[in-house]
Amino acid sequence: MSEPRDEGEREGTTQRLPVLEEGGGPDPSSDAPGRALRPPAGPAAPPQGGGRGRRGRFWSARRVPAAIVALLVLAVAGVFLYDIASVRAGRPAMQWRRTLADQLAQRPLDDTWVLLGAGVVAALGLWLIVLAATPGLRDVLPMRRTHPDVRAGLHRAAAELVLRDRAMEVAGVQSVRVRMSRTRADVQVRSHFRDLDEVRADLDLVLGDAVGGLGLVRPPRLSVRVRRPGRKG
């Protein structure tokens, strides 16, 4: 005599399996059939292709110009303060200050030395304004962000080295010279065998992929020149 089978098996029905969402797995603690199982919450994956936020160039600290200007201002202010305190104490003013006051009182505004001094001061002020308004760090190329809280930069020399190494992998290339700016990459290649058009086509393909692989915010325009090495002697 056979044992009685399960009720669902006697009725010829099958049990419905849980529905799994993409990227998730079954939850062992869930017993309810037919319920969509969601993967456990975890840390969000970093955004790909450049997150939001500033993508401009890196700003220099300008320590050297700021230190030079601060020292100059401190020295001039200290000398003037000492001379003024000396005059207030009943002593005569320094000779250079008396001479400077006499010269400024006697010389006209169109005098050569007055114009030269004014030009030097104006140039110095313009230089300080340019330093304060421009980012600096021209050798650091900003890279695309893969995380909103992380900024990365690539030194221009390192980018040039990457392009040179990739170009040297092309058959027929004898030597490579790379000069890279923020907007352009000039590659000069010497090829000692193979047709120049074939070498240039391979270089365009390889270097175009290398420039895209640098991950820069603004990939530079690629300029490739291929020529034969000069004759010796």
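Below: a short report on this structure.

What counts, and at which threshold
By convention here, each chain's residues receive numbers from 1 onward along its written sequence. Local features are withheld for residues below a pLDDT of 70 in this predicted model, meaning they are given only at 70 or higher, and side-chain atom pairs are given and counted only at 80 or more; totals for whole chains, interfaces and linings count all residues. Side-chain measures here rest on the full set of heavy atoms in the structure, leaving out hydrogens and waters. Strands are runs of DSSP state E lasting at least two residues, helices are runs of H or I lasting at least four, and both sets are numbered from the N terminus onward. Multiplying one less than the number of residues by 1.5 Å gives the expected span of a helix. Pairing of N or O atoms within 3.5 Å defines a polar contact, subject to two protein rules: one partner must be a possible hydrogen donor and the other a possible acceptor, and residues neighboring in sequence count only if both atoms are side-chain atoms. Put simply, a nonpolar core is a bunch of buried Ala, Val, Leu, Ile, Met, Phe, Trp, Tyr and Cys residues held in one set by side-chain atoms that sit within 4.5 Å of each other. Working definition: with a 1.4 Å probe on protein chains only, accessible area under 20% of the residue-type maximum means buried, over 50% means exposed, and in between means partly exposed. Whether two residues touch is decided by their heavy atoms; if any such pair falls within 4.5 Å, the residues are in contact. Fitted lines through C-alpha atoms serve as axes, helices being fitted only where they are in contact, and the angles separating the N-to-C directions of these axes extend from 0 to 180 degrees. Crossings are sorted by hand: turned counterclockwise from the far helix by less than a right angle, the near helix makes the crossing left-handed, and turned clockwise it makes it right-handed. Classification convention: Asp, Glu, Lys, Arg as charged; Ala, Val, Leu, Ile, Met, Phe, Trp, Tyr, Cys, Pro as nonpolar; all other residues, Gly among them, as polar. At least two DSSP bridges between two strands are required for those strands to pair.

A closer look at helix 4 (residues 112-133)
Thinking step 1. Relative to the 32 Å expected for 22 residues at 1.5 Å per residue, helix 4 spans 31 Å between its end C-alpha atoms, a close match to the ideal helical length.
Thinking step 2. You can read the cap of helix 4 off the contacts: a side-chain oxygen lies 3.0 Å from the backbone nitrogen of Trp113, and it is on Asp111.

Observations concerning the nonpolar core
Nonpolar side chains in soluble globular proteins tend to end up buried together.
Thinking step 1. Counting 22 residues, the largest nonpolar core has Leu163, Met180 and Leu203 as its most contacted members.
Thinking step 2. Of all elements in the fold, only helix 5 (156-168), strand 3 (173-180), strand 4 (184-191), helix 6 (196-213) and strand 5 (221-227) reach the threshold of two or more residues within this core.
Thinking step 3. Element by element, the count of residues in this core is highest for helix 6, at five residues.
Thinking step 4. Beyond its immediate stretch of four places on either side in the chain, Met180 contacts Leu141, Arg156, Ala159, Glu160, Leu163, Ala185, Leu214, Leu216 and Pro220.

Quick word on the packing of helix 5 against helix 6
Thinking step 1. Relative orientation of the contacting elements helix 5 and helix 6 amounts to 150°, with a least axis distance of 9 Å. The element helix 5 and its partner helix 6 pack so that their crossing is right-handed. Across the interface between the two elements, Leu163, Arg166 and Ala167 of helix 5 pack against Leu203, Val206, Leu207, Asp209, Ala210 and Val211 of helix 6.
Thinking step 2. Partitioned by chemical class, the residues of the contact of helix 5 with helix 6 number seven nonpolar, no polar and two charged.

Examining the sheet that holds strand 3
Thinking step 1. Pairing within the open sheet is mixed, and its three strands lie in the order 3-4-5. One side of each edge strand has no neighbouring strand; the edge strands of this open sheet are strand 3 and strand 5. For this sheet, the mean angle separating the axes of adjacent strands, direction not counted, is 15°.
Thinking step 2. By the bridge criterion, seven bridges tie strand 4 to strand 5 in an arrangement that is parallel.

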